[in-house]
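# Observations on the three-dimensional arrangement
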Amino acid sequence: MNPFDQKAVSLNQCIMDWQGIRPASYDKNTVDPYTRTRVILMNGTEFEANWFLHQFSRHCDDNDVRRELSLIRRLEQQQQKLISLLKPADETVMEHTIGYEQLAVDLTAALAQRENDEYVKRALDFALLEDFDHLYRYADYMNMESGTKAENLVGRYTEIMPGRPTISEHRYPFDDIKKHIDDKTATIQTKLCVNIITAAEQQTMNYYMNTCGTYPNECGRKLYQEIGMIEEQHVSQYGSLIDTNSTWMECLLMHQYVECYLYYSCMQTETDKKIKKIWEQLFEQELAHLQAAAILLKKTEGKEYQQVIGNGTFPEPLALCSNIDYVRGVLASSVQLTANRESYACIDDLKPDVDFFKYQDTVNKNVNCVTSHTVIDEHIKRFGEDYRFETMPNPVKPLQNRKVDNIDVGRVPGSAKGC
């Protein structure tokens, strides 16, 4: 499908009344896990669109343009408010968090497997192992706190076991900045990829930033605080992949194209009939946003959309699904990697004075203050072992022991194979 060839309604026809933005929520007990993750993904995509439009307006001195941005932004806000109420009130913060991490794992794996830019793919594979470990840490804490088994929430589509241990993920900020893609030569698939993953990780970062101060107990607050810091690193990494040479108007067009593509993907892959109708409705609205952005680009910069997007035809829809074998392969081959400026390196090969080890020595000086570790330690003390859902033993041998939380893999040279 080419969204530029579709007939769109006017922007004013997209305005909804209160009833229109108050849908029935899904049932947390029967919802398909990937319906939940699609809701999280699109909430994050709308959040990114809104804050981009605010920043654009603050850097624009043309009030006629700012009024156009204001209208699109208000419509995006209505879409976001609609999507946010798809989450039911009885779904706990921790249950919803499991959805966030399942999305992070399976979205990243899906994007990596279809990415043709090896540099971008490597960034995806690198962070994938970290979100995979976050899912494990939150799942153990939830099991300890309420007895809830995360395997039921993820539908057993996503394994729950250690990845690159979260304690090993804390890195010096300089190492999160990567080389950006070149929009003039990158495929539309790659452009979509870096924008989608940035929005998704940013939503997770924001969710944890707010949750860490409001969670009802200290252990939970500290766990969200720590993992929220890693999500900031991920947003820095992925955001740095986006081409910095694009104009504000070109970025506006790309944002709307990303949203349009994702709503198209959601309506093509959704299994819940009621929510599928919502994706269809929002896709129709997003067509109007996209085509309005193309008109603004032409009016203000004299450029056709093809100069930014290409011919405009969508790639195959993005489908969220189980990626157990892929994740296992990445884990086995790269658990000992860390970021090293614009690249990545095996910690076994790093000199002792590099920033990674200095930062680790500062932030993780007392491992008993690292909540992602002490949560697993406490689970083991209470129940004799950690909580996992595995289809077979962990592919990294030092991570197979369920009676000890490994804090060396990924941060101590020689602690494991996999680079």
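Residues numbered from 1 in each chain as written. Predicted model: local features only at pLDDT ≥ 70, side-chain atom pairs only at ≥ 80, totals over all residues. Heavy atoms only, no water.

### A few points about the overall build of the protein chain
How we decide: The helix and strand labels rest on DSSP assignments: H or I over at least four residues marks a helix, E over at least two residues marks a strand, and numbering proceeds from the N terminus. Contacts between residues were defined by any pair of non-hydrogen atoms, one from each residue, lying within 4.5 Å. Computed with a 1.4 Å probe, the accessible areas rest on the Shrake-Rupley method; for each residue, only the protein chains presented here act as cover. Working convention for charge: Lys and Arg count positive, Asp and Glu count negative, and His plus the chain ends are omitted. We put the charge of a Lys on NZ, of an Arg on CZ, of an Asp on CG and of a Glu on CD.
Along the backbone of the protein chain there are 13 helices and two strands. Seen through its principal axes, the protein chain has C-alpha atoms that stretch 60 × 45 × 35 Å. Restricting to contacts in the protein chain with at least 6 residues of sequence separation, those with at least 24 account for 84%. Total accessible area on the protein chain is roughly 17600 Å²; 51% of this is exposed by carbon and sulfur atoms. In the protein chain, 46 positive and 62 negative side-chain charges are present, and the distance between their average locations comes to 2 Å.

### A word on the packing of aromatic side chains
For any pair of aromatic rings, geometry is given as the distance between the ring centres together with the angle between the planes. The line we're drawing: Each pair of aromatic rings taken from Phe, Tyr and Trp, with Trp reduced to its six-membered ring, is defined by centres within 6.5 Å and is described as stacked if the planes are under 30 degrees apart, edge-to-face if over 60, and tilted in the remaining cases. Relative accessibility thresholds used throughout: buried, under 20% of the residue-type maximum; exposed, over 50%; partly exposed, between the two (1.4 Å probe, protein chains only).
All told, the structure shown has 24 aromatic pairs when counted by the stated rule. Summarising the aromatic geometry, the rings of phenylalanine 52 and phenylalanine 56 are spaced 5.9 Å apart at their centres and angled 50 degrees between planes, so their arrangement reads as tilted. Here phenylalanine 56 and phenylalanine 52 lie together in helix α1 (residues 33-58), a separation of four residues that amounts to about one turn. Taken individually, phenylalanine 52 and phenylalanine 56 each receive the classification buried, so the pair is uniform in this respect.

### So, helix α6 (residues 188-211)
Note the threshold: Here the expected length of a helix is defined as 1.5 Å per residue gap, with one fewer gap than residues.
Relative to the 34 Å expected for 24 residues at 1.5 Å per residue, α6 spans 35 Å between its end C-alpha atoms, a close match to the ideal helical length. Counted residue by residue, α6 has 22 buried out of 24 residues, so it is predominantly covered.

### Brief notes about the pairing of strand β1 (residues 337-340)
In plain terms, the rule: At least two DSSP bridges between two strands are required for those strands to pair.
Of the strand pairs in this sheet, β1 and strand β2 (residues 343-346) are connected by four bridges, and their pairing is antiparallel. Within the sheet, the bridge partner assigned to threonine 338 lies in β2 and is alanine 345. Counted between consecutive antiparallel strands, the loop separating β1 from β2 contains two residues, among which arginine 341 sits at a positive phi close to 50 degrees.

### What to know about helix α9 (residues 273-301)
Rules: We call two N or O atoms a polar contact when they sit within 3.5 Å, provided that within protein one can donate a hydrogen and the other can accept it, with sequence-adjacent residues counted only if both atoms are side-chain atoms.
Between its first and last C-alpha, α9 extends 41 Å over 29 residues, near the 42 Å set by a 1.5 Å rise per residue. Looking at where α9 begins, the residue whose side-chain oxygen comes 3.0 Å from the main-chain nitrogen of lysine 274 is aspartate 272. A positive backbone phi angle near 70 degrees is found at glycine 302, which sits one or two residues after α9.

### A few points about the state of the cysteines
The criterion, for reference: By convention in this document, the label disulfide applies to cysteine sulfur atom pairs within 2.5 Å.
Under the definition given, this model contains one disulfide. The partner cysteine of cysteine 346 in its disulfide is cysteine 419, sulfur to sulfur 1.9 Å. Every disulfide takes its handedness from the sign of the S-S torsion; for cysteine 346 and cysteine 419 that torsion is 55 degrees, giving right-handed. Placement of cysteine 346 in strand β2 and of cysteine 419 in the segment after α13 (371-383) is noted, with a sequence separation of 73 residues between them. A residue is classified by how much of its surface remains accessible, and cysteine 346, at 8% relative accessible area, is buried. Residue cysteine 419 is classed as partly exposed on the basis of its relative accessible area, which comes to 47%. The structure places no disulfide on cysteine 219, whose sulfur is separated from the nearest cysteine sulfur, that of cysteine 369, by 12 Å. For the unlinked cysteine cysteine 266, the closest cysteine sulfur is that of cysteine 260, found at 12 Å.

### So, the nonpolar core
One broad trend across soluble globular proteins is that nonpolar side chains are buried collectively. Note the threshold: Joining through side-chain atoms within 4.5 Å is the link that ties buried Ala, Val, Leu, Ile, Met, Phe, Trp, Tyr and Cys residues into a set, and such a set is a nonpolar core.
In terms of nonpolar packing, the biggest core is built from 120 residues, with Leu107, Ile196, Leu253 and Trp279 touching the most fellow members. If you tally residues by element for this core, the top one is helix α4 (residues 118-146), at 15 residues. Contacts of isoleucine 196, omitting those with residues within four sequence positions, involve Leu41, Leu107, Leu111, Val258, Tyr261, Leu262 and Leu318. Counting five residues, the second-largest nonpolar core is a separate cluster that includes Ala345, Ile347, Leu350 and Phe357.

### Focus: the side chain of glutamine 79
With respect to the element layout, glutamine 79 can be found in helix α2 (residues 63-84). By relative accessible area, glutamine 79 is classed as buried at 0%. For glutamine 79, the contacting residues outside a window of four places in its chain are Met16, Glu46, Glu259, Tyr263, Leu282, Gln285, Glu286 and His289.

### A look at the environment of threonine 374
Locating threonine 374 in the fold gives a position in helix α13. Along the backbone, threonine 374 and leucine 223 are 151 residues apart, and their C-alpha atoms lie at a distance of 9.6 Å. Threonine 374 has contacts with Val367 and Asn368, leaving out every residue within four places of it along the chain.

### Overview of unusual backbone geometry
Glycine aside, the phi torsion of most residues is negative, and most peptide linkages are trans. Unlike most non-glycine residues, arginine 156 shows phi in positive territory, near 60 degrees. If you trace the backbone, arginine 156 turns up in the loop between α5 (150-153) and α6. For arginine 341, which is not glycine, the phi dihedral falls at a positive 50 degrees. Mapped onto the elements of the fold, arginine 341 is located in the loop between β1 and β2. Exposure remark for arginine 341: the relative accessible area of 32% places this residue in the partly exposed category.

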